[in-house]
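Here's the letter readout for the chains.
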Amino acid sequence: MTRTPYAIPEWIFSDAPVAYPEAVSRMEERVAAIRSGTARECIWLLEHPPLYTAGTSADPADLVAPDRFPVHATGRGGQYTYHGPGQRIAYVMLDLAERGRDVRGFVYALEEWVIQALSSFNVVGERREGRVGIWVDRGNGDEAKIAAIGVRLRKWVSFHGISINVDPDLDHFSGIVPCGISDYGVTSLLDLGVTAAPTDVDNALVEAFHEVFNRPLHAPAFEEDPFDLVG
């Protein structure tokens with residue numbers, strides 16, 4: 001199968017919650033197929049039932065309530081993250097061998113993708129040095145995380161991805177120290193006064209994706225790799 005560097009990925013939209021083990025299994029199968037040239041790149045938009053995931057850098061002390069929801073160890077970079085209803089997840093399976101093999105540029109593009117999607121709702125998402133994810137400045141020094149990023153590469157094909165808080169129960173995040181950062185809280189579109197359906201977020205992500213990823217990967221002045229990605 002011959003593909004151009006900027007071939008259009010297949011988009012998959014799941015309305016019903018997808019169990020986490022099933023999602024990981026399907027991602028791994030698709031990653032192998034992309035690597036072998038038998039499948040297109042893929043973006044999968046979905047949500048999970050309530051659960052916590054532990055990335056490769058997770059500190060067990062950050063799992064505050066281990067019995068609250070199922071906890072899944074995962075090979076993605078990062079620390080503890082919550083997933084659940086009201087959160088839109090995008091699993092990103094792209095062939096970086098065809099897109100320039102720029103790991104920092106890939107993470108920067110994921111951040112830019114989320115920032116541009118949020119702008120569709122008049123929400124200003126921002127990067128913060130030393131803090132992975134996308135943040136919202138609510139004024140008077142009050143910043144909160146609205147989107148998480150946790151990815152992995154296998155033979156230069158990415159999987160896992162990003163999550164945006166649309167209207168989840170924010171109390172569910174209290175069972176962990178999200179991404180190991182205790183000094184700042186979490187927020188959502190609804191918490192910021194924006195009512196959006198999953199399809200609204202999907203549409204914003206589709207539109208922003210083509211703007212961000214239809215060009216070479218590049219990260220200006222990225223101080224360090226945020227994840228241990230290549231595996």
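Up top is the structure.
Residues numbered from 1 in each chain as written. Predicted model: local features only at pLDDT ≥ 70, side-chain atom pairs only at ≥ 80, totals over all residues. Heavy atoms only, no water.

Details of the pairing of strand S1 (residues 10-13)
If a strand is regular, its side chains alternate between the two faces of the sheet. Heads up, the rule is: Two strands pair if DSSP finds at least two bridges between them. For helices the rule is a DSSP run of H or I covering at least 4 residues; for strands it is a run of E covering at least 2, with both sets numbered from the N terminus onward.
Two elements, S1 and strand S2 (residues 42-46), share four bridges in a ladder whose sense is parallel. Each residue of the ladder has a partner; that of isoleucine 12, found in S2, is tryptophan 44.

Comments concerning the nonpolar core
For clarity, the cut-off: Grouping buried Ala, Val, Leu, Ile, Met, Phe, Trp, Tyr and Cys residues that are joined through side-chain atoms within 4.5 Å yields what is termed a nonpolar core. Accessible area is worked out with a 1.4 Å probe on protein chains only. A residue is then buried under 20% of its type maximum, exposed over 50%, and partly exposed in between.
One finds Phe106, Leu110, Trp113, Ile162, Leu189 and Phe213 to be the most contacted residues of the largest nonpolar core, which totals 39 residues. Within the residue set of this core, elements represented by two or more residues are S2, strand S6 (87-93), helix H2 (103-119), strand S8 (131-137), strand S9 (143-154), strand S10 (157-165) and helix H3 (198-213). Element by element, the count of residues in this core is highest for H2, at nine residues. Counting 16 residues, the second-largest nonpolar core is a separate cluster that includes Val18, Tyr20, Ala23 and Leu46.

Overview of H3
To keep it simple, the criterion reads: Every helix has an expected span of 1.5 Å times one less than the residues it contains. The reported arc concerns the directions from the helix axis to the C-beta atoms and nothing else.
Look at H3: 22 Å from first C-alpha to last across 16 residues, which is about the 22 Å you get at 1.5 Å a residue. If you check which residues of H3 are buried, you get Val201, Asp202, Ala204, Leu205, Ala208, Phe209, Val212 and Phe213. The buried residues of H3 all sit within an arc of 165° when viewed along its axis, so they share a single face. Facing away from the buried surface of H3 by more than 90 degrees, the exposed residues are Asn203 and Glu207.

Digging into the sheet that holds strand S4 (residues 71-73)
As a reminder, the rule being used: As a rule, the C-alpha atoms of each element are fitted with a line to give its axis, helices using only the stretch in contact, and angles between N-to-C directions run from 0 to 180 degrees.
Spatially, S4-S3-S5 is the arrangement adopted by the three strands of the open sheet, whose pairing is mixed. Strands at the two margins of the open sheet, each flanked by one partner only, are S4 and strand S5 (80-83). On average, each strand axis in the sheet is inclined to that of its neighbour by 25°, with strand direction left out of account. Note that strand S3 (residues 51-54) and S5 share four bridges and pair antiparallel. Each residue of the ladder has a partner; that of tyrosine 52, found in S5, is tyrosine 82.

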